[in-house]
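# Architecture at a glance
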Amino acid sequence: MSIIRYEQTQGKSLGFYALIAGLGAFILAALGGVYFMEHNGHHVTGMNNHIVWGLPHVFALFLIVAASGALNIASIASVFNKKIYKPLSRLSGLVALALLAGGLMVLVLDLGRPDRLIVAMTEYNFGSIFAWNIILYNGFFLIVGIYLWMMFERRMNKYSRKVGIAAFIWRLILTTGTGSIFGFLVARQAYDAVIMAPMFIVMSFAFGLAFFVLVLMASYKWTERPLGDAIVNRLSNLLGVFVAAVLYFVAVYHLGNLYLAENSGVENFILMDGGIYTQLFWYGQIILGSLIPLVLIYSPSTKGNRSMLGLASVLVILGGIAQLYVIIVGGQAYPMELFPGKEILEGYGAIALYTPTLAELMLGLGGIAVALIAIIFLVKVLPFLPESLADNVADPHHKS
Amino acid sequence: MDSKINRRDFIKATTATTASVAALGAGITLTTYVNANENPVTNEKRWGMLVDTNRLTESDIDGMVTACQKENGWGNETHSTGDQKASWIKKIKVKDTATQRISNLALMCQHCEEPPCVDVCPTNASMKREDGIVLVDKHRCIGCRYCMMACPYDARSFVHEELTNQKEHMPRGKGTVEACTLCVHRVDKGEQPACVEAVDSDAVIFGDLLDVTSNIHQTLKRVQSTQIRADLNLNTGVRYSGI
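Residues numbered from 1 in each chain as written. Chains lettered and ligands numbered in written order. Predicted model: local features only at pLDDT ≥ 70, side-chain atom pairs only at ≥ 80, totals over all residues.

### Structural notes on the overall build of chain B
For chain B, the helix and strand inventory stands at 7 helices and 9 strands. Counting across all 243 residues of chain B, residues that qualify as buried make up 40%. Counting only contacts in chain B whose residues sit at least 6 apart along the sequence, the fraction spanning at least 24 positions is 62%. (Helix = DSSP H or I, 4+ residues; strand = E, 2+ residues; numbered from the N terminus. Buried ≥ 20, exposed ≤ 12 C-beta atoms within 10 Å, placed from the backbone. Contact = placed C-beta atoms within 7 Å.)

In structure tokens, the structure reads:
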């Protein structure tokens, strides 16, 4: 393996500016949506007193979960000492920070009073898992920022492993915290399960890696830099393992819930007769987001094909958004058990309705656009990307 | 005219002003404390309510809802859809799946001793007073709506639109969360909550759960009562009998 040389992207082509303009348009649309929602109040959204978290939260949590997962590549390199991933570490840190920034933007702009963000930063209720998340997110920026510095600065390289371990532990806690936002809601049948936390961690592995693979392949293709099969195939295998692991956790979660009679109602709702939620679960999350990607990744006819890996990654992302939609919106749509053993005839207990609006969708997509634009700008400004990831450069076991 | 101020005069004037402001300030502070001491909120009281569903008629419940709306000024939102409108108190009709017995009750914030909304609120906007009344500080609420996710009683509402003509004693704000306050502004003046007053009979009684001489304490001692979702161990201030 030869020495890795990092270099900024040129960012002067027509394609570059077209990409920036396109993403900028999405961000403008998101800001327009936010202005519309905040000016009028949330009555212009599909959200209501029963579906209090809608599409923006789906995107926000997807991005936050994916952010911690995108850091995995760097962790594998520095914590588990897998040399082949080392050249990808800088990009891994960058994608992680960019996704988190996008996710937090969506989360904050969907608040009823985003102008009071300063209150959230200065008034902490340490008993609240939400307040802990605010600390965890801020800490993530700090630690990953330091981690990147250690990687960029040659004199600091020797500390990068230690900081990498700290970042790895921090991201595990962070995703545990994100999962616990739901896991600690005792009153809601769909949540209140400790398994939510580890499930979110495994989800983060898959979503973050899918996003990373797309960013990596696109940036090397568009900058015409060599990207060898050694790295791509490994990432592809890893994605397959993570997607399968998510399936396992989803299965355990639902089987565990089915075993408890008190939760059979909500399980029937999600798995059998929940309309859009059932469809999103089976067609979106399971078939499109898990099974087809697994086939694309492992089937001999598509294995090693980069377009197919790209497609698999896109499907994993779409499936992940579907999964979070089912968890967040589906979990709220099903009514809480107010009177066990009794049937509520009037006043409460119907399946809550939610139709997302364009403004909410634009805000969510704007979060993804912010993450992408941050990545595109920063790889132009700082040397995040190795100038070559050809097999003879990147693969420690390469035989030429 | 000599418009120049020499240094000595300036210091004199400044000192005098500072001293008088300080004195006035201290005076105001003292007065405030005296007022607070007249009627302190302590945990020696625990406000609660008992709803007797055997005696509470459906029209009683409608009256409670109307009284609450009138007292606190909610329910006339113009843009919000049905599920977006505020709902501080609502009528619930339940049927026992085994016996088919039907009960009607009014459901509002249950003023838990261990309120999940207070646990999850990131900014301490959701809070419990020493006397057990659970409130939202509308100036601190950032509108994250996590409390609404956590509340087991569907008791909280989010203000989905700009509001006008609000009640002076009950400020509400677009983008913040709100719920039954147990009419804290009335309770602090020694009055009963509006919904309790609206019911003619003894079907709803309000009082200090800890005061052994109070009607509510005595009644709870005598009759069998229950808390909604008692399994969650939240120790609610609002109790029900007959369900």
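### Details of the overall build of chain A
Counting secondary structure elements, chain A contains 14 helices and 3 strands. Taking 21 Å as the expected radius of gyration for a compact globule of 400 residues, we find that chain A reaches 21 Å, a close match to that expectation. When its C-alpha atoms are laid out on the principal axes, chain A stretches across 75 × 45 × 40 Å. Out of the 400 residues in chain A, the part that is buried amounts to 51%. The long-range share in chain A, meaning contacts at least 24 apart out of those at least 6 apart in sequence, stands at 79%. (Rg over C-alpha atoms; globule rule 2.2 N^0.38 Å.)

### A few points about the interface of chain A and chain B
Opposite the 38 residues of chain A that make contact, chain B presents 47 residues. Looking at the side of chain A that touches chain B, the elements that each hand over two or more residues are α5 (117–122), α6 (129–152) and β2 (342–346) of chain A. No other element matches β2(A), which puts 5 residues into the side of chain A that touches chain B. Here the side of chain A that touches chain B is composed, by residue class, of 19 nonpolar, 13 polar and 6 charged. Pairing analysis gives 4 bridges linking β2(A) to strand β2 (residues 89–96) of chain B, with the strands arranged antiparallel. Paired with A:Glu343 across the bridge in β2(B) is B:Lys95. (Nonpolar A, V, L, I, M, F, W, Y, C, P; charged D, E, K, R; others polar. Pairing = 2+ DSSP bridges.)

### Describing helix α8 (residues 196–222) of chain A
All names here are of chain A. Between its first and last C-alpha, α8 extends 38 Å over 27 residues, near the 39 Å set by a 1.5 Å rise per residue. Most of α8 is tucked away, with 20 of its 27 residues classed as buried. Looking one or two residues past α8, Glu224 carries a phi angle of roughly 55°, positive in sign. (Expected span 1.5 Å × (residues − 1).)

### Some thoughts on the nonpolar core
Residue and element names in this part refer to chain A. Counting residues in each nonpolar core, the largest one holds 197 residues, and the members touching the most others are Leu63, Val95, Leu99, Ala206 and Leu239. Here this core takes 18 residues from α8, the largest share from any one element. The residues touching Val95, leaving out its near neighbours within four places in the chain, are Ala70, Phe211, Phe212, Val215 and Ile375. (Core = buried A, V, L, I, M, F, W, Y, C linked by C-beta atoms within 7 Å.)

### Observations regarding the confidence of the model for chain B
All names here are of chain B. Across chain B, pLDDT averages 90, with 89% of residues at or above 70. This stretch, residues 29–35, has a pLDDT under 50; its non-local contacts, to residues over four places away or in other chains, come to 0 contacts. Across the interfaces of the predicted complex, the ipTM metric reaches 0.91, alongside a pTM of 0.91. (pLDDT = per-residue confidence, 0-100.)

### Re the sheet that holds strand β9 (residues 238–241) of chain B
Residue and element names in this part refer to chain B. Ordered by their spatial adjacency, 3 strands build an open sheet running β8-β1-β9, and the pairing between neighbours is mixed. The open sheet has two edge strands, β8 (204–208) and β9, and neither has a second partner. Neighbour-to-neighbour, the strand axes of the sheet open up by a mean angle of 20°, direction not taken into account. Taken strand by strand, helix α7 (residues 215–222) contacts β1 (47–52), β8 and β9, and its axis lies near 115° from that of β8. (Axes fitted to C-alpha atoms, helices over the stretch in contact; angles between N-to-C directions.)

### Details of the packing of helix α2 (residues 55–70) of chain A against helix α13 (residues 358–381) of chain A
Residues and elements named next belong to chain A. The interhelical angle for the contact between α2 and α13, taken along N-to-C directions, is 20°, at an axis separation of 7 Å. Between α2 and α13, the angle is such that the two are roughly parallel. Taken as a pair, α2 and α13 cross one another with a handedness that is right-handed. On α13, the residues that touch Leu55, Pro56, Val58, Phe59, Ala60 and Leu63 of α2 are Glu360, Leu361, Leu363, Gly364, Gly367, Ile368 and Ala371. Residues that form the contact of α2 with α13 fall into these classes: 10 nonpolar, 2 polar and 1 charged. (Parallel < 35°, antiparallel > 145°, perpendicular 65-115°, else oblique. Left-handed = near helix turned anticlockwise from the far one by under 90°.)

### Regarding helix α2 (residues 58–72) of chain B
All names here are of chain B. The terminal C-alpha atoms of α2, which comprises 15 residues, lie 21 Å apart, in line with the 21 Å expected from a rise of 1.5 Å per residue. Within α2, burial applies to Asp60, Ile61, Met64, Val65, Cys68, Glu71 and Asn72. Projected onto a plane normal to the axis of α2, the buried residues spread over an arc of 140° and lie on a single side. When the buried face of α2 is taken as reference, the exposed residues oriented beyond 90 degrees from it are Glu58 and Ser59. Looking at the buried side of α2, the elements it contacts are β2, β3 (102–108) and α6 (194–198). Directly beyond the C-terminal end of α2, a positive phi value near 75° is found at Gly73. (Arc of directions from axis to C-beta.)

### Notes on the environment of B:Leu234
Residues and elements named next belong to chain B. With respect to the helices and strands, the residue Leu234 is situated in the loop between α7 and β9. Classification of Leu234 as buried rests on a count of 21 C-beta atoms within 10 Å. Setting aside chain neighbours within four positions, we find Leu234 in contact with Cys112, Glu113, Glu114 and Pro115.

### A few points about unusual backbone geometry
Residues and elements named next belong to chain B. The phi angle at Gln100 is positive, at roughly 65°, despite the residue not being glycine. With respect to the helices and strands, Gln100 occurs in the loop between β2 and β3. Not every positive phi belongs to a glycine, and Leu182 is a case in point at roughly 60°. Topologically, Leu182 is positioned in the loop between β7 (177–178) and α5 (184–187). We classify Leu182 as buried; it has 27 C-beta atoms within 10 Å.

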